[in-house]
Amino acid sequence: MEKLTIVKVGGKIVEEETSLKQLLSDFAAIEGHKVLVHGGGRSATAIAAKLGIESVMVNGRRVTDAETLKVVTMVYGGLVNKNIVAQLQAMEINALGLTGADMNYMLSAKRPVGEVDYGFVGDVKSVNAGLLADLISKDIVPVLAPLTHDKQGHLLNTNADTIAGEAAKALAKFFDLTLVYCFEKKGVLRDEHDDDSVIAEIDKEAFAQYVADGVIQGGMIPKLENAFEAIDAGVSQVIITKADAIDGTSGTKVK
Ligand SMILES: Nc1ncnc2c1ncn2[C@@H]1O[C@H](COP(=O)(O)OP(=O)(O)O)[C@@H](O)[C@H]1O
Ligand SMILES: CC(=O)N[C@@H](CCC(=O)OP(=O)(O)O)C(=O)O
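In this text the structure is predicted, and so the values were computed from the model without any measurement.

Right, let's get into the pairing of strand S11 (residues 176-183). Within a regular strand, side chains alternate between the sheet's two faces. Taking burial as the measure, the 8 residues of S11 include 7 buried ones, the bulk of the element. Both strand S1 (residues 3-9) and S11 contribute to a ladder of 7 bridges, which runs parallel. Among the inter-strand pairings, Leu4 is bridged to a residue of S11, identified as Leu177. As judged from the 6 bridges shared by S11 and strand S13 (residues 237-242), these two strands associate in the parallel manner. Bridging from a neighbouring strand, Thr178 pairs with Gln237 of S13.

The structure is reproduced here in C-alpha cells:
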C-alpha cells in the first residue's frame, strides 16, 4: 500500500499569517501523497463578531444558527480554504479545495435536537473515499474545509477534527495512513501550561483516567475520541503534535 499523510491544522495556526505560512511550507515538504484538513473556528468567531453575531460553543462544537451557517460557509469554504489552496499552489503543490458537497465526498445529517440544539451541525454519514483516492493517486492534494452537506441542498458545519478522522478512516482502505493533528501545543500535555509535559503515548485506558483527573479537557476530548476511532478503523498512526513538528518525530502517539 502507498503511504498517505493527512494533516489537520487548527484555528490558532490558521488565523495567524506567519504560523500558517510556516505550516504550509512544512506540509509541502512532506513526501508522498497528502491531504490537508483545516479548521478556522477562531477566524469564524472573529468575523461573526464583526457582523454582530455572537458565537456560542457547547462541548467544543459551534451552535450554528442560519446566520452563523452563512458566516462559516464564507469563512471555511471561501476565505480560509481558497487562501490555503492559493498558497500551496505557489509552493508547486497541486491543491484542490473541497467541502463535503463537492463531488459529494462527505455526506452528513443534521444533528438531532437533544439536550442541546446545535442547529446546522452535521454528523458524518458516509465518505466517498474512492473518488478522493483517485484524486490523491493523480498527485492532487485535497484541502478539506469543515463543511459537509445533506444532499438536500444544505451545507452543514462539521468540526474539522471529525472531518480529518472520518476522511482518515475511509481512506485507510486505500492507503497506509498517518493522521497528524497539529495545533499550538507540543502534544497532549500532563499539565496544559507546561509545554514540556508531553505524554509520549496514550491509549484508551490512560485517556479515560486523564479525563477523570481533569488533565485532558475541552477540545482535546473530541480530538482524542476521533483519534481512537481512526486507529480502530485501521489508520496506521495517529499523532497529536505542535504545528512546527508535523514530521511526526515528536508529540503524542495515539495507541
Ligand atoms: N491535556 C491537554 N493537553 C493539551 N491541550 C489540552 C489538554 N487539555 C485540554 N487541552 C486544550 O485542547 C485544545 C485543543 O483542542 P481544540 O481547541 O479543539 O484544537 P484545535 O485548535 O486543533 O481545533 C488546546 O488548545 C488546549 O487548550
Ligand atoms: C460544528 C463545529 O464546531 N464546527 C467547527 C468547524 C471549524 C473547526 O473545527 O475549527 P478548529 O479546528 O479551528 O477548531 C466550528 O465552527 O468551530
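Its 25 residues give helix H4 (residues 66-90) an end-to-end C-alpha distance of 35 Å, which sits within 8% of 36 Å, the value for a rise of 1.5 Å per residue. The largest bend in H4 amounts to roughly 35° and is located at Asn81. Taken together, the buried positions of H4 are Thr68, Val71, Val72, Val75, Tyr76, Gly77, Val80, Asn81, Ile84, Val85, Gln87 and Leu88. Where H4 terminates, the next one or two residues include Glu92, which has phi positive at roughly 65°.

This next bit is on the nonpolar core. One broad trend across soluble globular proteins is that nonpolar side chains are buried collectively. Core analysis: the largest hydrophobic core is formed by 74 residues, its most contacted members being Ile6, Ala167, Ala168, Leu171 and Leu179. Looking at this core, the element that brings in the most residues is H4, giving 8 residues. Once you skip the residues sitting within four places of it in the chain, Leu179 turns out to touch Ile6, Ala164, Ala168, Ala230, Val235 and Val238.

What follows deals with the pairing of strand S8 (residues 141-144). Every second residue of S8 is oriented toward a common face, with Val141 and Val143 on one face and Pro142 and Leu144 on the other, all of them buried. Where strand S2 (residues 33-38) and S8 come together, 2 bridges link them in parallel fashion. Among the inter-strand pairings, Val37 is bridged to a residue of S8, identified as Leu144. Here 4 bridges tie strand S5 (residues 95-98) to S8, and the two strands are oriented parallel to one another. Paired with Leu98 across the bridge in S8 is Leu144.

Rules of the game
- Residues numbered from 1 in each chain as written.
- Chains lettered and ligands numbered in written order.
- Predicted model: local features only at pLDDT ≥ 70, side-chain atom pairs only at ≥ 80, totals over all residues.
- Buried ≥ 20, exposed ≤ 12 C-beta atoms within 10 Å, placed from the backbone.
- Helix = DSSP H or I, 4+ residues; strand = E, 2+ residues; numbered from the N terminus.
- Pairing = 2+ DSSP bridges.
- Expected span 1.5 Å × (residues − 1).
- Bend = angle between axes of the 7 residues up to and from the residue.
- Core = buried A, V, L, I, M, F, W, Y, C linked by C-beta atoms within 7 Å.
- Contact = placed C-beta atoms within 7 Å.

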